[in-house]
Amino acid sequence: MSQLRSKATRDPWWLKATALSITFLFLGLVVVVPIVSVFVNAFAKGFGAYWEAISHPDTLAALKMTLLAAACAVPLNAACGLAAAWLVTKFRFRGRDFLVSLIDVPFSVSPVISGLVFVLLFGAQGWFGPTLQEWGIRIIFTPVSIVLATVFVTFPFVTRELIPMMEEQGVQAEEAATMLGASGWNTFWRVTLPSIKWGLLYGLILSNARAMGEFGAVSVVSGHIRGETNTLPLHAEILYNEYDFTGAFAVASLLTLVAGATVVLKMWLERKVRK
Amino acid sequence: MGRSARLPGFGLTMGVTVTWLSLIVLIPLAGLFAKSATIGIGQIYATLSDERVLSAFRVSFGAALVAALINAILGPIVAWTLVRYEFPGKRIVDGLVDVPFALPTAVAGITLTTLYAQNGWFGQILTPLGIEVAYTWKGIVAALVFIGLPFVVRTVQPVLEEIPSEVEEAAASMGATRLQTIRRVILPALYPAILTGFTLAFARAVGEYGSVVFIAGNMPLKTEILPLVIITKLEQYQYGEATAVASAMLLVSFAFLLLGNVMQGRLRRRKS
């Protein structure tokens, strides 16, 4: 493309040099140096100390909690996200726009407020708190509340990715399938799903990254009980506040690897979708 | 495009969606507003006029504004470089833009704090120059610039890709210098996208907690942010006060988003 562009649209060398230097300097200082420093800090005391921090029972418990939260939130939101996207893109009905903007709400709310709403519902002084207490059910400061908060913050990802995609594809293919006698489920599995699989995967990856990395919302509802309601990000915080920097950055390095994998997968999928 | 009623699944998907949406979003949010309705106006006023809360409002919204402005200036330059120039490692640089979006905020928080602390990599250079970043409002801005980086770049990038080269060629053939073309032709076409990115980055920054709480130092009246005020009140079981602050924060944020949309509409109209 750029070779075809005429001389008139070519930038003078100094402009190009300036733009390139600003970009490299900005991204270098703001993104690259911090990533490098995570690993330098994690391995500052050698591989032995790193391994010890990673294999510590508290870290493993936090890892388990993080995986559990993601394993609950991601599939639940994916299934319901698919239903919501089908509803919104295949049918026109009253209140449709309202529904779409409601789906986006968790994105525009501070993570701390996302946690707060669950404390207000299920906390000791919350709406359902006293009733639940009578039944002997605790939600706040237990893994259940961590899963709830994670579901809330990752709610929009899948739907948001699917709606524009399914909107563009229209309804003809599905209509043809049903007219030829395919059942609703068959139409969905054989016609719709194959055409949206990359977008679905894209949404899954993004919601997984957020589920594993969520801090503010989870922090409010978790109670920071070691070995019980600690997730990896919360564990990194505790270690950091105890001046165990090697431990904190060892945990952080795991999360950074997840983030790295997320970015690589995201780019790969974007190329696939464009094709 | 007509949507058909011939496809099956309306009842099922409507049921699933409304149930899920109610359980996860509607009921919790309704709980928040119901709670703030039970607090008297007097108490809400007392909570919000508290010096510490007012200061947190200034810190959160002020730092978010500065950080979003920095991103609104540097973001389009990054987008320009990524769209218009070819250079080795371009795909890696493109991927770097997404890192702040994918990296857990707590990781960003402890990393930036370590970098900017007095003996950190950046701190060692900045402290002798008399610039303190960690545990000051500058640190909050540094964290928020990191968090907001993808928003402006990713909203400007596709718009920049779509500008037809004929427009630039026409400007050049009418005698405009390259700089004039960029300033008079390209930049105005980008304004709505820059504004969208700015608003998104700003909205995200106002509520940001994980990346800021470590580097802010959290000094009441100086570097205490709103989300931390909410958490502090929750930890003291002052649910009412926490709710009042949270609702006010939501209202102000929505007002800013609305303002952004209105300005967006104006820009679009002027363009056409």
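Trainee: For this particular structure, what's the right way to read the overall build of chain B?
Mentor: Regarding its fold elements, chain B presents twelve helices and zero strands. Mapped from its N terminus to its C terminus, chain B presents α and β elements in the order α-α-α-α-α-α-α-α-α-α-α-α. Seen through its C-alpha atoms, chain B measures out along the principal axes to roughly 70 × 65 × 35 Å. In chain B, buried positions account for 43% of the 272 residues.

Trainee: Looking at this model, I keep getting lost on the overall build of chain A. Mind explaining?
Mentor: When you go through chain A residue by residue, the secondary structure sums to 13 helices and zero strands. Mapped in sequence order, the helices and strands of chain A form the string α-α-α-α-α-α-α-α-α-α-α-α-α. Per-residue burial for chain A yields a buried fraction of 44% across its 275 residues. Looking at chain A alone, contacts between residues at least 24 apart form 76% of all its contacts between residues at least 6 apart.

Trainee: Would you take a moment to explain the environment of B:Ala106 for this structure?
Mentor: Among the secondary structure elements, B:Ala106 is positioned in helix H5 (residues 105–116). With residues up to four places along the chain from it excluded, the contact list for B:Ala106 reads A:Phe215, A:Pro233, A:Ala236, A:Glu237 and B:Gly210.

Trainee: Looking at this structure, I do not really get the packing of helix H5 (residues 111–122) of chain A against helix H11 (residues 226–235) of chain B. What am I missing?
Mentor: Between two packed helices, the angle of one axis relative to the other and the distance separating the axes together describe the packing. One way to put it is that H5(A) packs onto H11(B) with a least axis distance of 10 Å and a crossing angle of 25 degrees. Considered as vectors, H5(A) and H11(B) are oriented roughly parallel to each other. When the axes of H5(A) and H11(B) are compared, the crossing they make is left-handed. Where H5(A) abuts H11(B), its residues A:Val112, A:Leu116 and A:Val119 lie against B:Pro227, B:Ile230, B:Ile231 and B:Leu234.

Trainee: How should the interface of chain B and chain A be read in this particular structure?
Mentor: As a measure of interface size, the accessible area lost when the parts come together is often cited. Each partner contributes residues to the interface: chain B has 73 residues there, and chain A has 78 residues. For the side of chain B that touches chain A, a count of residues per class yields 49 nonpolar, 15 polar and nine charged.

Trainee: What exactly am I supposed to notice about the nonpolar core here?
Mentor: It is characteristic of soluble globular proteins that their nonpolar side chains tend to be buried jointly. Membership of the largest hydrophobic core comes to 150 residues, with the highest contact counts inside it found for A:Leu116 and B:Leu144. Looking at this core element by element, the count peaks at 15 residues for helix H3 (residues 57–90) of chain A.

Trainee: Explain unusual backbone geometry to me, please; I cannot follow it from the model alone.
Mentor: Keep in mind that most residues, glycine aside, have a negative phi and that most peptide bonds are trans. A positive phi angle, near 60 degrees, is found at A:Tyr243, a position not held by glycine. Positionally, A:Tyr243 belongs in the loop between helix H12 (232–241) and helix H13 (245–274). At B:Tyr237, a residue that is not glycine, the phi angle is positive and equals roughly 60 degrees. Looking at the secondary structure, you find B:Tyr237 in the loop between H11 and helix H12 (239–271).

Trainee: Just to check I follow, could you spell out the environment of A:Ile163 for this structure?
Mentor: Residue placement: A:Ile163 occurs in helix H8 (residues 157–169). Residue contacts for A:Ile163: discarding those within four places in its chain leaves A:Ala85, A:Val88 and A:Thr89.

Trainee: Can you walk me through the environment of A:Thr66 in this structure?
Mentor: All names here are of chain A. Among the secondary structure elements, Thr 66 is positioned in helix H3. C-beta crowding within 10 Å serves as the criterion here: with 27 such atoms nearby, Thr 66 is assigned to the buried category. Measuring from C-alpha to C-alpha, the distance between Thr 66 and Gly 213 comes to 8.4 Å, with 147 residues separating the pair along the chain. Discounting chain neighbours no more than four positions away, the residues touching Thr 66 are Met 212, Thr 231 and Leu 232.

Trainee: Would you take a moment to explain helix H4 (residues 90–102) of chain B for this structure?
Mentor: Two residues of an α-helix separated by three or four positions point the same way, owing to the 3.6 residues in each turn. For H4(B), which comprises 13 residues, the first-to-last C-alpha distance of 19 Å matches the rise-based estimate of 18 Å (1.5 Å per residue) to within 8%. Approximately 25 degrees is the largest bend angle found in H4(B), and it occurs at B:Leu96, with the proline B:Pro100 only one to four residues beyond. Taken together, the buried positions of H4(B) are occupied by B:Val93, B:Leu96, B:Val97, B:Asp98, B:Val99, B:Pro100 and B:Ala102. Each element contacted by the buried residues of H4(B) is listed here: helix H1 (13–42), helix H10 (184–213) and H13 of chain A together with helix H3 (51–84), H5 and helix H7 (137–162) of chain B.

Thresholds, definitions, all that
- Residues numbered from 1 in each chain as written.
- Chains lettered and ligands numbered in written order.
- Predicted model: local features only at pLDDT ≥ 70, side-chain atom pairs only at ≥ 80, totals over all residues.
- Helix = DSSP H or I, 4+ residues; strand = E, 2+ residues; numbered from the N terminus.
- Buried ≥ 20, exposed ≤ 12 C-beta atoms within 10 Å, placed from the backbone.
- Contact = placed C-beta atoms within 7 Å.
- Axes fitted to C-alpha atoms, helices over the stretch in contact; angles between N-to-C directions.
- Parallel < 35°, antiparallel > 145°, perpendicular 65-115°, else oblique.
- Left-handed = near helix turned anticlockwise from the far one by under 90°.
- Nonpolar A, V, L, I, M, F, W, Y, C, P; charged D, E, K, R; others polar.
- Core = buried A, V, L, I, M, F, W, Y, C linked by C-beta atoms within 7 Å.
- Expected span 1.5 Å × (residues − 1).
- Bend = angle between axes of the 7 residues up to and from the residue.

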